[in-house]
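# A look at the structure
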Amino acid sequence: MSYDIVEKLKKEISNFKDETKVTDVGFVMEAGDGIAKVSGLPNALAQELLIIETSGGEREALAFNLEENFIGVIVLGDAGPVKVGDRVRSTGKVLSIPVGDEIVGRVVSPLGQPEDGKGVIFKHPQDAEQYLLERKAPGVLERESVNTPLQTGIKSVDSMIPIGRGQRELIIGDRQTGKTAIAIDTILNQRKEKGSETPICIYVAIGQKSSKIARLIRILEENDALKYTVIVSASASSSASLQYLAPFAGAAIGEYFMDQGKDALVIYDDLSKHADAYREISLLLRRPPGREAYPGDIFFIHSRLLERAAKMSKEHGGGSLTALPIIETKLGDVSAYVPTNVISITDGQIYLESNLFNKGVRPAVNVGLSVSRVGSSAQTKAMKQVAGKLRLELAQFRELEAFVQFASDLDDSTKLKIQRGQALTEILKQTDLSPMGFEEQVVVLFAALNGYIDDVELSDIKEFERGVLDYIDKKYKTEILDAIQAGKTLNEHSENKLKTAIEEYKKIR
């Protein structure tokens, strides 16, 4: 052996320091159905990330139940290789998700792993910020009141059930009534937002069919909306643990952008399946069941999730996180356990009705049961000026419509109110994937509520709407549409021009 090698070995030996590391190690006592019971980790924290050493490699798990003799854990991802006797290590870390600007336009799992086949999200993973999935909601003094509109592009919503940035507005209804369609239209409409930065949209798919998620991604790509959207996917084939974590991951991504002073919109589709996944996990872990077999803290789970939506004050960055949770009812029963819970947490609800949907009223919004508790403070001045009496007119129409079914002779004023109500119902109809800019909505609703469509046949109303918008766009774009868009109000000059334009169009049509 040469002299140099001997010297190097001596140097290495002299530099060697035996540092003893102590790590808590436990063992799996029971395993199955995506959960495990672990003994031997007395210092584990709630929501701590644990590592299970299996024959098929390491598996991450989450400490869920802290009991006297063992810990109930939920296995994240494939739980198949987890067997009794496997070693479990504590990490001292709470579950988090890597976030950064690179995540926009991607499809990720609730753990932040890419699921769109486009390769890694972060080229330098150490540069990504780690946001906790479970994070305390902003305090009262850090917030300010909701005062900026979030335009959905849907006439019936923006005019009567306005949504503000930082609000929590529930979308509720039976299956196949157009709940997801409202959410998609809201995402698509954000690209039309002028004069303000496009909000980052986060769509959280919980327990949805993979084909439905693929269709949604295709729609967003075709409409150039994926570039400002993040999709968190926990499909029906995912484990209950990933479906449970998905909305918290979506909230964490939204909070990253909110903390940068930006606006973010997160859609939870849907919290009914989230509650079912949480019920499954809880029953497997032997937690005591409550009403409808849900665990008693299902209310707390949803309230601490939705409370993270906020409009931050200027001193705290001025960002916002708007939440649109979706709940699926069964046979219109809004008094079931989960729907009543979420209704009580949110700042209003958009209620979609099967009967209206089947009659061809799309979106099938029941104006009587739908409400926004933020109200007109989340509306532009122009929309307030125009749509103030819309809800009242529709309410009178619904009352008369129910009454006249039993009457044969009607006086002229009653006939006029019914005709006006039918015309307003027709003008509020809107096809999917066609959100409308708020200045165009103002024009259409102004014409409807000021009697300009009273003499138009019901079958011709949609054609009249398209025609008048096209005419104004070609001849009065700067004086009417651009003026409303810039000032967010309908001043006297714009109103006179609008009346002139509608009258001109009525003469030539």
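In this text the structure is predicted, and so the values were computed from the model without any measurement.

So, on to the overall build of the protein. When helices and strands are counted, the protein shows 16 helices and 17 strands. Residues counted as buried form 52% of the 509 residues belonging to the protein. Accessible surface for the protein amounts to roughly 23,900 Å². Of this, 51% is attributable to carbon and sulfur atoms. Here the protein carries 64 positive and 73 negative side-chain charges, and the mean point of each set is 2 Å from the other.

Let us look at the pairing of strand β10 (residues 170-173). Burial of β10 is two-sided: the residues Leu170 and Ile172 facing one way and the residues Ile171 and Gly173 facing the other way are all buried. Direction of pairing for β10 relative to strand β16 (residues 348-352): parallel, over a ladder of four bridges. Note on β16: the bridge partner recorded for glycine 173 is leucine 352. Both β10 and strand β15 (residues 320-328) contribute to a ladder of three bridges, which runs parallel. Of the residues in β15, the one forming a bridge with isoleucine 171 is isoleucine 326.

With that out of the way, let us pick up the sheet that holds strand β6 (residues 87-94). To summarise the sheet geometry, strands pair through backbone hydrogen bonds and adopt either a parallel or an antiparallel arrangement. Taken together, the six strands give a closed barrel; going around it, the order is β1-β2-β5-β4-β3-β6, and neighbouring strands pair in antiparallel fashion. When strand polarity is set aside, the average angle formed by the axes of neighbouring strands in this sheet is 45°. Sheet topology note: the strand β3 (residues 48-54)/β6 ladder contains five bridges and is antiparallel. Bridging from a neighbouring strand, leucine 50 pairs with serine 90 of β6.

Given 3.6 residues per helical turn, the α-helix brings residues three or four places apart onto the same face. Relative to the 24 Å expected for 17 residues at 1.5 Å per residue, helix α16 (residues 492-508) spans 25 Å between its end C-alpha atoms, a close match to the ideal helical length. Every buried residue of α16 is accounted for by Ser494, Leu498, Ala501, Ile502 and Tyr505. All buried residues of α16 lie within an arc of 95° about the axis, which places them on one face of the element. Residues of α16 that are exposed and angled more than 90 degrees away from the buried face: Glu492, His493 and Lys507. As for α16, its buried residues are in contact with α13 (438-449), α14 (461-475) and α15 (477-487).

Taken N-terminus to C-terminus, the directions of helix α5 (residues 240-259) and helix α7 (residues 298-306) make an angle of 20°; their axes are 10 Å apart at the nearest point. Overall, the two elements α5 and α7 adopt an arrangement that is roughly parallel. In the packing of α5 onto α7, the handedness of the crossing is left-handed. Two secondary-structure elements touch here, α5 through Tyr244, Pro247, Phe248 and Ala251 and α7 through Ile301, Arg304 and Leu305. Looking at the contact of α5 with α7 residue by residue, the classes come out as six nonpolar, no polar and one charged.

As a further point, take the nonpolar core. Inside soluble globular proteins, nonpolar side chains tend to come together where they are buried. If you look at the biggest cluster of nonpolar residues, it comprises 71 residues, and the most contacted ones within it are Ile231, Ile350 and Ile472. With nine residues, the single largest contributor to this core is α13. Every residue in contact with isoleucine 472, bar those within four places of it in the chain, is listed here: Val443, Lys477, Ile480, Leu481, Leu498 and Ala501. One finds Ile103, Tyr131, Val266 and Ala309 within the second-largest nonpolar core, a separate group that totals 66 residues.

Bringing the pairing of strand β12 (residues 229-234) into the picture now. With six of its six residues buried, β12 lies for the most part within the structure. Side chains of β12 alternate between two faces, with Thr229, Ile231 and Ser233 and Val230, Val232 and Ala234 buried alike. Pairing between strand β8 (residues 107-108) and β12: two bridges, direction parallel. Residue pairing in the sheet places valine 107 in a bridge with isoleucine 231 of β12.

Cis geometry marks the peptide bond from aspartate 269 to aspartate 270; its omega dihedral reads 0°. The phi dihedral of aspartate 33 is positive, around 60°, even though this residue is not glycine. Among the secondary structure elements, aspartate 33 is positioned in the loop between β1 (25-32) and β2 (35-39). With relative accessibility at 64%, the residue aspartate 33 sits in the exposed group. Of note in this structure, glutamine 47 is not a glycine but carries a positive phi near 65°. Along the chain, glutamine 47 falls in the loop between β2 and β3. By relative accessible area, glutamine 47 is classed as buried at 18%.

Thresholds applied
Residues numbered from 1 in each chain as written. Predicted model: local features only at pLDDT ≥ 70, side-chain atom pairs only at ≥ 80, totals over all residues. Heavy atoms only, no water. Helix = DSSP H or I, 4+ residues; strand = E, 2+ residues; numbered from the N terminus. Buried < 20%, exposed > 50% of the residue type's maximum accessible area, 1.4 Å probe, protein only. Areas by Shrake-Rupley, 256 points an atom, 1.4 Å probe, with all protein chains shown as cover. Lys, Arg positive; Asp, Glu negative; His and termini not counted. Charge placed at Lys NZ, Arg CZ, Asp CG, Glu CD. Pairing = 2+ DSSP bridges. Axes fitted to C-alpha atoms, helices over the stretch in contact; angles between N-to-C directions. Expected span 1.5 Å × (residues − 1). Arc of directions from axis to C-beta. Contact = heavy atoms within 4.5 Å. Parallel < 35°, antiparallel > 145°, perpendicular 65-115°, else oblique. Left-handed = near helix turned anticlockwise from the far one by under 90°. Nonpolar A, V, L, I, M, F, W, Y, C, P; charged D, E, K, R; others polar. Core = buried A, V, L, I, M, F, W, Y, C linked by side-chain atoms within 4.5 Å.

Any functional reading would require information beyond the geometric quantities listed.
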